[in-house]
Amino acid sequence: MSLLRRGMSQKPLTYADAGVSIDAGNALVRSIGPLARSTARPGADAQLGGFGGFFDLKAAGYADPLLVAANDGVGTKLKLAIDTGCHDGVGIDLVAMCANDLIVQGAEPLFFLDYYATGKLDNKVAVAVVASIAEGCRRAGCALIGGETAEMPGMYSAGDYDLAGVCVGAVDRDKVLTGADIAPGDLILGLASSGVHSNGFSLVRRIIEQEGWDLGRAYPSVDGRTLAEALLEPTKIYVRSLLPLVQQGRIKGLAHITGGGLLENIPRVLPEGCHALIDAGRWQLPPLFALLQQGGRIAPEEMARTFNCGIGMVAIVDPVHADEVCDMLEGAGEILLEIGRVEEGRRGCTVTGAAGSWNAPDNWSATHHA
């Protein structure tokens, strides 16, 4: 019997029979429309439903702009969100990982597009996720102008989903932040993180599994919140605090502390002949990181190259402008510390610390060369 004749004996199939509901997808688009509209800004009306999203650079006030794009995901932090049913912050993480990467190049985030993939669409979960993406966009000052929802049976386990996002920003040609004028003697300021942010969660999850920690337990060392709540705290978005200073030329370089930690991210913005010397004794390792370090018996160097250790963004400034920069950042609500300086030397970063702050032997140091 031919394939065609064998098929004729079966009932007609629909996309829904294969596990994909077009109606559910359409309902989701209707639900998230108001969320996208809440992110409208000059240059974008943030309407959904077309085949693409438009942005008017002229309306945004740019004369000679360069476009800058960044894409990222949330990583295995999503698995904690899925396991605990807490989806309200992961969209902020998604936007933050992209928008923070734009500001370090001097670019203002303009618009965002997301990709949400799952085995079977659960509109309640999807709306919660997109609502948090919209909140992230509002915090970053960019418009959510489009996205894609993919329902792919057989690709994901029940209840699982994945996220990816793209953010596009702009910077006038003469305002690009390259770090080229960073010089020995410049000060290194650390802007406090809101927690673990969105890196190192494969190690975090390994520690939780190994130690048998209860995610629903309230841990005194994390301010009485449950461990899940502390770990799922969304990534801080630094755009609104930093953009005015970047546009005024008061910052020489910025480093977003993501995968690779302090050791590997700071050298990315240094010119040849400059070495960053970070003194970890200048700040107290936050309790959540101390808990993870103790639970995993993690060596100080591994901490410094895996986690942000309480510093989510680094700003390098001329000492002449340091007071002004500090005043503006603190006025914008940032918690910051002078954590180091730029010295002459091979391009790279050395982190030193003391026993009281990092549970490490006195005079330990870790160095990374770019």
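Before reading on, note that the structure itself is shown above.
Note that the coordinates shown come from a computational prediction; the quantities given were computed from them, not determined experimentally. (Residues numbered from 1 in each chain as written. Predicted model: local features only at pLDDT ≥ 70, side-chain atom pairs only at ≥ 80, totals over all residues. Heavy atoms only, no water.)

**What to know about the pairing of strand 5 (residues 187-192)**
Rules: Three labels apply to residues, based on accessible area from a 1.4 Å probe with only protein chains included: buried if under 20% of the type maximum, exposed if over 50%, partly exposed otherwise in between. Under the DSSP-based scheme used, a helix requires at least four consecutive residues in state H or I and a strand at least two consecutive residues in state E, with every element numbered from the N terminus. A pair of strands counts as paired when DSSP detects no fewer than two bridges linking them.
Among the six residues that make up strand 5, six are buried, leaving the element largely enclosed by the rest of the structure. What you see with strand 5 is no split at all: Leu 187, Leu 189 and Leu 191 on one side and Ile 188, Gly 190 and Ala 192 on the other are buried throughout. Bridge count between strand 5 and strand 8 (residues 311-317): six bridges; the pairing is antiparallel. Bridge pairing links Ala 192 to Ile 311 in strand 8. In this structure, strand 5 lies alongside strand 9 (residues 336-344), joined through five bridges in antiparallel fashion. Bridge pairing links Leu 189 to Glu 338 in strand 9.

**Regarding the layout of surface pockets**
To keep things clear, this is the line we draw: A 1.4 Å probe that fits but cannot get out identifies a cavity on a 1 Å grid over protein atoms alone, an open set with protein on both sides within 12 Å along at least five of seven lines counts as a pocket, and a residue lines either if it has an atom within 4 Å of a point. Grid points are joined across faces, edges and corners, and a volume is the space filled by probe spheres set on the points.
Quantified by volume, the second largest pocket comes out at close to 310 Å³. Val 104, Gln 105, Leu 254, Arg 268 and Val 269 are the residues nearest the centre of the second largest pocket, which is lined by 15 residues in total. Looking at the lining of the second largest pocket element by element, the count peaks at four residues for strand 6 (residues 253-256).

**Some details on the pattern of salt bridges**
Stated precisely, the cut-off is as follows: Every case where a carboxyl oxygen of Asp or Glu lies within 4 Å of a side-chain nitrogen of Lys or Arg is listed as a salt bridge.
Applying the stated criterion across every chain yields a total of 18 salt bridges. The salt bridge involving Glu 338 is made with Arg 282; its shortest N-O contact spans 3.8 Å. Of this pair, Glu 338 sits in strand 9 while Arg 282 sits in the loop between strand 7 (274-279) and helix 10 (287-296), and the two are 56 residues apart along the sequence. Bridged by salt links that share partners, the residues Lys 79, Asp 83 and Asp 160 form one connected network.

**Considering helix 4 (residues 90-103)**
One full turn of an α-helix is made of 3.6 residues, so residues set three or four places apart face in the same direction. Quick note on the threshold: The span you would expect from a helix comes to 1.5 Å times its residue count less one. A residue's bend is simply the angle between two axes: one fitted to the seven residues ending at it, one to the seven starting at it.
An ideal rise of 1.5 Å per residue puts 20 Å on 14 residues; helix 4 measures up with 20 Å between its terminal C-alpha atoms. The sharpest bend along helix 4 measures roughly 25° and falls at Ala 96. Most of helix 4 is tucked away, with 13 of its 14 residues classed as buried.

**Digging into helix 6 (residues 201-211)**
We count it as follows: As used here, the arc is the angular range of directions from the helix axis to the C-beta atoms. Note on contacts: a residue pair qualifies if any of its non-hydrogen atoms lie within 4.5 Å across the two residues.
Taken as a whole, helix 6 has its buried residues at Phe 201, Val 204, Ile 207 and Ile 208. Around the axis of helix 6, the buried residues are gathered within 115° of arc, so they sit on the same side. Seen from the buried face of helix 6, the exposed residues on the opposite side, beyond 90 degrees, are Arg 206 and Glu 209. Tucked into the core, helix 6 has its buried residues touching helix 3 (77-84), helix 7 (227-231) and helix 10. Where helix 6 ends, the next residue or the one after it, Gly 212, has phi of about 70°, a positive value.

**Comments concerning unusual backbone geometry**
Here His 197, not a glycine, exhibits a phi torsion of approximately 60°, which is positive. With respect to the helices, strands and loops of the structure, His 197 is situated in the loop between strand 5 and helix 6. Take His 197: its relative accessible area is 2%, and that puts it in the buried class. We note that Cys 309 has phi near 55°; this positive angle belongs to a residue other than glycine. Its location among the elements puts Cys 309 in the loop between helix 11 (300-306) and strand 8. Relative accessible area serves as the criterion here: at 0%, Cys 309 is assigned to the buried category.

**Regarding the packing of helix 8 (residues 239-247) against helix 12 (residues 322-331)**
Using the following cut-off: To define axes, lines are fitted to C-alpha atoms, for helices over the stretch in contact only, and angles between the resulting N-to-C directions are given on a 0 to 180 degree scale. Roughly parallel means an angle under 35 degrees; roughly antiparallel, over 145; roughly perpendicular, 65 to 115; everything else is oblique. The crossing is said to be left-handed when, going from far helix to near helix, the turn is anticlockwise and less than a right angle, and right-handed when the turn is clockwise. Residues are sorted three ways: Asp, Glu, Lys and Arg are charged, Ala, Val, Leu, Ile, Met, Phe, Trp, Tyr, Cys and Pro are nonpolar, and all the rest, Gly among them, are polar.
Interaxial distance between helix 8 and helix 12 falls to 9 Å at its minimum, and their mutual angle equals 150°. It follows that helix 8 is roughly antiparallel to helix 12 by the angle criterion. Seen from above, helix 8 lies across helix 12 with right-handed handedness. Here helix 8 contributes Ser 241, Leu 242, Pro 244 and Leu 245 to the contact with helix 12, which in turn contributes Val 325, Met 328 and Leu 329. When the residues that make up the contact of helix 8 with helix 12 are grouped by side-chain class, the tally is six nonpolar, one polar and no charged.

**Topic: the packing of aromatic side chains**
Test applied: Pairing of aromatic side chains requires ring centres within 6.5 Å, counting the rings of Phe and Tyr and the six-membered ring of Trp. Pairs whose planes differ by under 30 degrees are stacked, by over 60 edge-to-face, and all others tilted. Charge over a ring is defined by NZ of Lys or CZ of Arg lying within 6 Å of the ring centre and within 35 degrees of the ring normal.
If you walk through the whole model with that rule in mind, you get three aromatic pairs. An angle of 65° between the planes, with centres 6.1 Å apart, marks the rings of Phe 289 and Phe 307 as edge-to-face. Of this pair, Phe 289 sits in helix 10 while Phe 307 sits in the loop between helix 11 and strand 8; the two residues are 18 residues apart in sequence, bridging distant segments of the chain. Stacked on the ring of Tyr 219, the Lys or Arg Arg 217 has its end atom at 4.6 Å from the ring centre.

**Quick look at the side chain of Thr 306**
As a reminder of what qualifies: Two N or O atoms form a polar contact when they lie within 3.5 Å of each other; inside protein one atom must be a possible hydrogen donor and the other a possible acceptor, and for residues adjacent in sequence the pair counts only when both atoms belong to side chains.
Looking at the secondary structure, you find Thr 306 in helix 11. Engagement of the side chain of Thr 306 in a polar contact is seen with the backbone oxygen of Glu 302, the distance being 2.8 Å.

**Here we look at the environment of Lys 58**
Secondary-structure assignment places Lys 58 in the loop between helix 2 (22-37) and strand 1 (65-73). Here Lys 58 falls in the exposed class, since its relative accessible area comes to 75%. In the structure, Lys 58 is positioned 16 residues away from Pro 42 in sequence and 9.3 Å away in space, judged by C-alpha atoms.

**Thoughts on the nonpolar core**
Here is the rule: Among the buried residues, those of types Ala, Val, Leu, Ile, Met, Phe, Trp, Tyr and Cys that are joined through side-chain atoms within 4.5 Å form a nonpolar core.
The biggest cluster of nonpolar side chains holds 78 residues, and the ones touching the most others in it are Phe 112, Tyr 161, Leu 231 and Leu 254. The leading source of residues in this core is helix 4, at nine residues. Among all residues touching Leu 254, those that are not within four sequence positions of it are Ile 103, Val 104, Leu 177, Leu 242, Val 246, Val 269, Met 313, Val 314 and Ala 315. One finds Ile 188, Ala 280, Ile 316 and Val 342 within the second-largest nonpolar core, a separate group that totals 22 residues.

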